[in-house]
Amino acid sequence: MAATTRTKKRKLKKKRIIIAVIALVIIIAVATFGVYKLCFNKKEVRTVATVTDEIANGYNYTITDDATAYSKELFADLKKELSKDSVNEENYAKLETQLFISEFFTLSNKVNRSDVGGVQFVYGDYQESFQKEAMEGLYHYVENDIYGDREQELPEIVNVDVINVEQKEYVLSDTVTDANAYYVDVTMNYAKDLGYQSSATVVLIHNDKRLDIVKMTEK
């Protein structure tokens, strides 16, 4: 009886060890799969946007694959205008302003708060300060979306209406003055009204063949 009892105990102990080993293997397998999913299989999105079209010949504007349909439409219109032998400058100013507003105030397609839209249209010497100001202001609360799992509701511009255009002097500095700068008044429409700015005045100055944005104020 004692030998039989010891045999049963050894079998039970062996069975428990086997069960424990199997359980440990399962735990390790599940943990390993989880780490793999987290580190290797989680899709990184829009970390580097791809340029899909450009306007060269001294303008140096580009549009990327993560731009909205509306921005892409405006870019195509701008490219068409700037490819003409005789560019309608007022139309150029309007289209650039509309595209700038669309890219800057659309936050839904931005990766994070440093992904500021419309910088390429800003006067070169102001681009760094413009981006910094945007990051501390409008873009400050944009959550990181590097993995495409952001649930934050953010604005998307679907239409920009030009209300008024006039030309008058703008003094940028002691050495830079444009007697015929463009002042463009616009109103913005969003896919959903989330309480963001809905009007603006944008000032553009001549910079060689380009028109560069030097100021934007709420209308």
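Notes on the structure follow. Chains are numbered independently. Their residues run from 1 in the order of the written sequence. The predicted origin of the model limits local features to residues at a pLDDT of at least 70 and limits the giving and counting of side-chain atom pairs to 80 or more, whereas totals for whole chains, interfaces and linings rest on all residues. The side-chain quantities take in all heavy atoms of the structure and omit both hydrogens and water.

**Digging into the environment of R210**
1) Next: Numbering of helices and strands runs from the N terminus, with a helix taken as a DSSP run of H or I at least four residues long and a strand as a DSSP run of E at least two residues long. Mapped onto the fold, R210 is located in strand 6 (residues 210–217).
2) Next: Categorising residues by exposure relies on relative accessible area from a 1.4 Å probe, with only protein chains included: less than 20% of the type maximum marks a residue as buried, more than 50% marks it as exposed, and the intermediate range marks it as partly exposed. Judged by relative accessible area, R210 falls into the buried class, the value being 12%.
3) Next: Each C-alpha atom of the pair R210 and N60 lies 9.2 Å from the other, and the pair is 150 residues apart in sequence.
4) Next: Note on definitions: a residue-residue contact is assigned when non-hydrogen atoms from the two residues lie within 4.5 Å. If we ignore the near neighbours within four places in the chain, the residues touching R210 are G58, Y59, N60, Y61, Y92, Q120, F121, V122 and I205.
5) Next: Here the side chain of R210 touches Q120 through a polar contact of 2.9 Å, landing on its backbone oxygen.
6) Next: There is a polar contact of 2.8 Å between the side chain of R210 and the side chain of D212. Identification of polar contacts relies on pairs of N or O atoms within 3.5 Å, with a donor-acceptor requirement for protein atoms, meaning one able to donate a hydrogen and the other able to accept it, and with residues adjacent in sequence counted only if both atoms are side-chain atoms.

**Regarding the side chain of D185**
1) Next: For D185, the position within the fold is in strand 4 (residues 177–190).
2) Next: Looking at D185, the relative accessible area reads 10%, which means it is buried.
3) Next: Separated by 2.7 Å, the side chains of D185 and T201 make a polar contact.
4) Next: Leaving out residues up to four positions away in the same chain, D185 has contacts with D161, V162, I163, N164, A200, T201 and K219.

**A look at the sheet that holds strand 4**
1) Next: Ordered in space as 3-4-5-6, the four strands form an open sheet in which the pairing is antiparallel. Strands with a single pairing partner mark the edges of an open sheet, and in this sheet they are strand 3 (157–171) and strand 6. Here the strands of the sheet are splayed against their neighbours by 30° on average, with no regard to which way each runs.
2) Next: At least two DSSP bridges between two strands are required for those strands to pair. Here strand 5 (residues 199–207) pairs with strand 6 via seven bridges, running antiparallel. Bridge assignment links I205 to a residue of strand 6, and that residue is D212.
3) Next: Inter-axis angles, ranging from 0 to 180 degrees, are taken between N-to-C directions of lines fitted to C-alpha atoms, where helices are fitted over the stretch in contact. Taken strand by strand, helix 3 (residues 89–105) contacts strand 3, strand 4, strand 5 and strand 6, and its axis lies near 50° from that of strand 6.

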